[in-house]
Amino acid sequence: MQTDVVVIGAGAAGLMCAFTAAARGRRVLLIDHANKAGKKILMSGGGRCNFTNLYTEPANFLSGNPHFCKSALARYTQWDFIELVSRHGVPYHEKKLGQLFCDNKASDILAMLLDECEQAGVDLRLETAVQTIDKADGGYQLLTDAGPVTCQSLVIATGGLSIPTLGASGFGYQVARQFGHTVLPTRAGLVPFTITEPQLKSMCEALSGTSVEDCLVSCNGQTFRENILFTHRGLSGPAILQVSSYWEPGDAIEINLLPHLNLSEWLDEQCRERPNTELKTLLGELFTRKMAGLLAEHWFVSKPLKQYSANELIEIAEQLGCWRLVPAGTEGYRTAEVTLGGVDTKEVSSKTMESQKSPGLYFVGEVLDVTGHLGGFNFQWAWASGYAAAQYA
C-alpha cells in the first residue's frame, strides 16, 4: 500500500494531524494498535474531557526547551479549537480557571474528531500494530498488521507512558532512537504522591476521600493554589498533581492549608474572643470535624485556647500554614495523567514538528518533551502540535 502520510497513534494529536493533513489534499493513513481511537480522550476530565484552557500560554508548559512550544501554540490557539467545537454544536462550559469541559460527555469530542477524519477522507485502521519502520526512497516503509505501507511523511503521535491500561507504550521513543534522536529521561507527571511515614500514612488513610479546598502547595520554587485530597495511599487533588511535575525523589513539599488567613493574627484574635474554645473545636469550623480531630491528635495537644502560650500559638500557625513533608514517591505511570521528558525538542523543528535527524519524520503531542499543567493544557498542545505537523507532512 502506498500513501502520502502515515500517522501512528489515533489519540488527540494523531487525530488532529490526520484530518488536517487530509483536508489539504494529502492521502492519510491513520493507524493504532488499540481497538478504539481516542481512549485517553474518553476517560479525561472525569469522562467530560477538559479539552482546552482559555488561558493557554507557553508558561503553562514544562520542557527542557521552554521556547519550543511557542510557535505551534501561536499558530493553532485555544480559540481555534473552541471554534471547531462550536461548529460541531458540542455544548461546553467553563468549570474554573479557564478549564473548558463538555456539558455531556467526552465522547462528543471524540465523535467530532472522527467526523472530521471521515469528512476529510482519512483511512483509519485500528487494531493495527507496526512491526518495523525503515527508510525508503523518498520516505518510509512500514511493515504493519495490514501489510507493507510506504509513505512520504511519517508522523509519530503515540503519546507517552502514562496509563498503560489504555495502551500506552514506549513505541514512539523507540522510533525516535532508531532515527538518531535523543530521548530525555521520562517520569510520571500530574500524579498523586504516596506516603509511607507511619504516622502520616495512618492520618492519610483515616482521612481518605477528604478534600481540603483552596490550599497552597509548593515545591522547587513552584506554587499552586487549588484543592488537595487525602487518599488511602497518600495525597492527590489538583494542587498535588500540579506540583508533582516539579517534584524529584527526596524533595520536600510545603502545604499551606489555610492561605486565606493570616494564621498568627487569626489565632490571637480567636484566643482573645473565645479563650475557652478547644483547638479541635476551632479547627472543626475550618476543616471536617474528623480532620480537625486528627490534626489536633497528630500535631497538637488539643486544649482551650487560653492555655496555649504565645510561642505555642505561633507553632500551631506555622504547622497549619507551612506543613512540610517528604513524599515516599508517586503512584507512577499507572495513574499519571502525563509523561514528563521524551523526544528532545532541540532535534525537532518548532515550526513544523519535523525531525532534524531524518527528513519526513514528525513528532507530535506527548511523545515530545513538552508537558502542560493540569487543566486542558495538554490537549491544547496535542491540537496545536498536530495541526503544525499537518501543514508540512
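Residues numbered from 1 in each chain as written. Predicted model: local features only at pLDDT ≥ 70, side-chain atom pairs only at ≥ 80, totals over all residues. Heavy atoms only, no water.

## A closer look at the environment of Val338
Point 1. Relative to the elements of secondary structure, Val338 occurs in strand 19 (residues 338-343).
Point 2. Judged by its relative accessible area of 3%, Val338 falls in the buried class.
Point 3. C-alpha of Val338 to C-alpha of Gly372: the two residues are 34 residues apart in sequence and 8.4 Å apart in space.
Point 4. Setting aside residues no more than four positions away along its own chain, Val338 makes contact with Ser162, Arg187, Ala188, Gly189, Leu190, Glu366, Thr371 and Asn378. (Helix = DSSP H or I, 4+ residues; strand = E, 2+ residues; numbered from the N terminus. Buried < 20%, exposed > 50% of the residue type's maximum accessible area, 1.4 Å probe, protein only. Contact = heavy atoms within 4.5 Å.)

## Here's the deal with the packing of helix 4 (residues 78-87) against helix 5 (residues 107-120)
Point 1. Viewed as axis vectors pointing N to C, helix 4 and helix 5 meet at an angle of 90 degrees, and their least axial separation amounts to 10 Å. Taken together, the axes of helix 4 and helix 5 lie roughly perpendicular to each other. Taking contact as the criterion, the partners of Phe81, Leu84, Val85 and Arg87 in helix 4 are, on helix 5, Ile109, Met112, Leu113 and Glu116.
Point 2. A per-class count over the contact of helix 4 with helix 5 returns six nonpolar, no polar and two charged. (Axes fitted to C-alpha atoms, helices over the stretch in contact; angles between N-to-C directions. Parallel < 35°, antiparallel > 145°, perpendicular 65-115°, else oblique. Nonpolar A, V, L, I, M, F, W, Y, C, P; charged D, E, K, R; others polar.)

## Section: the UniProt feature "domain: RsdA/BaiN/AoA(So)-like Rossmann fold-like" (unreviewed entry) in the protein
Point 1. The positions UniProt marks with the feature "domain: RsdA/BaiN/AoA(So)-like Rossmann fold-like" (unreviewed entry) are residues 4-391.
Point 2. Helix makes up 32% of residues 4-391 and strand 25%, whereas the separation of the span's terminal C-alpha atoms amounts to 13 Å. (UniProt positions renumbered as here; feature names shortened; annotations may be inferred.)

## Remarks on the side chain of Thr158
Point 1. By secondary structure assignment, the location of Thr158 is in the loop between strand 10 (147-156) and helix 6 (171-178).
Point 2. Side-chain polar atoms of Thr158 contact the backbone nitrogen of Gly172, separated by 3.3 Å.
Point 3. Once you skip the residues sitting within four places of it in the chain, Thr158 turns out to touch Ile8, Phe171, Gly172 and Val367. (Polar contact = N/O pair within 3.5 Å; in protein donor to acceptor, adjacent residues only side chain to side chain.)

## Structural notes on the domain arrangement of the protein
As a measure of interface size, the accessible area lost when the parts come together is often cited.
Point 1. When the domains of the protein are assigned, the result is domain 1 (2-187 + 339-390) and domain 2 (193-330).
Point 2. For domain 1 and domain 2, the distance between their C-alpha centroids amounts to 39 Å.
Point 3. Counting from both sides, the interface comprises eight residues of domain 1 and, opposite them, eleven residues of domain 2.
Point 4. Together, Arg187, His373 and Leu374 form the three largest contributors to the area buried by domain 1 at its contact with domain 2, with a combined 60%.
Point 5. Our count for the domain 1 to domain 2 interface comes out at two salt bridges.
Point 6. A salt bridge links Glu248 to Arg187, with the nearest nitrogen and oxygen atoms 3.5 Å apart.
Point 7. Linking domain 1 with domain 2 are five residue pairs in polar contact (both at pLDDT 80 or more).
Point 8. Per-class residue counts for the side of domain 1 that touches domain 2 are four nonpolar, two polar and two charged. (Domains from an automatic or database assignment. Buried area = accessible area lost by both parts, 1.4 Å probe. Salt bridge = Lys/Arg side-chain N within 4 Å of Asp/Glu carboxyl O.)

## A few points about the side chain of Gln78
Point 1. Within the secondary structure, Gln78 is located in helix 4.
Point 2. From its side chain, Gln78 meets the backbone oxygen of Leu54 in a polar contact 2.8 Å long.
Point 3. When residues no more than four places from it in sequence are discounted, the contact partners of Gln78 are Thr52, Asn53, Leu54, Tyr55, Thr56 and Gln380.

## So, the pattern of salt bridges
Point 1. A full pass over the atoms with the stated rule returns 14 salt bridges.
Point 2. Residues Arg87 and Glu116 are paired through a salt bridge, measuring 3.7 Å at the closest nitrogen-oxygen approach. Note that Arg87 is positioned in helix 4 and Glu116 in helix 5, a separation of 29 residues in sequence.
Point 3. For Arg87, a relative accessible area of 53% corresponds to the exposed category.
Point 4. By relative accessible area, Glu116 is classed as buried at 12%.
Point 5. Between Arg225 and Asp214 there is a salt bridge, and its shortest N-O distance comes to 2.7 Å. Of this pair, Arg225 sits in strand 14 (residues 222-230) while Asp214 sits in strand 13 (residues 211-219); the two residues are eleven residues apart in sequence, bridging distant segments of the chain.
Point 6. Via salt bridges that share partners, Glu83, Arg87 and Glu116 belong to a single interconnected network.

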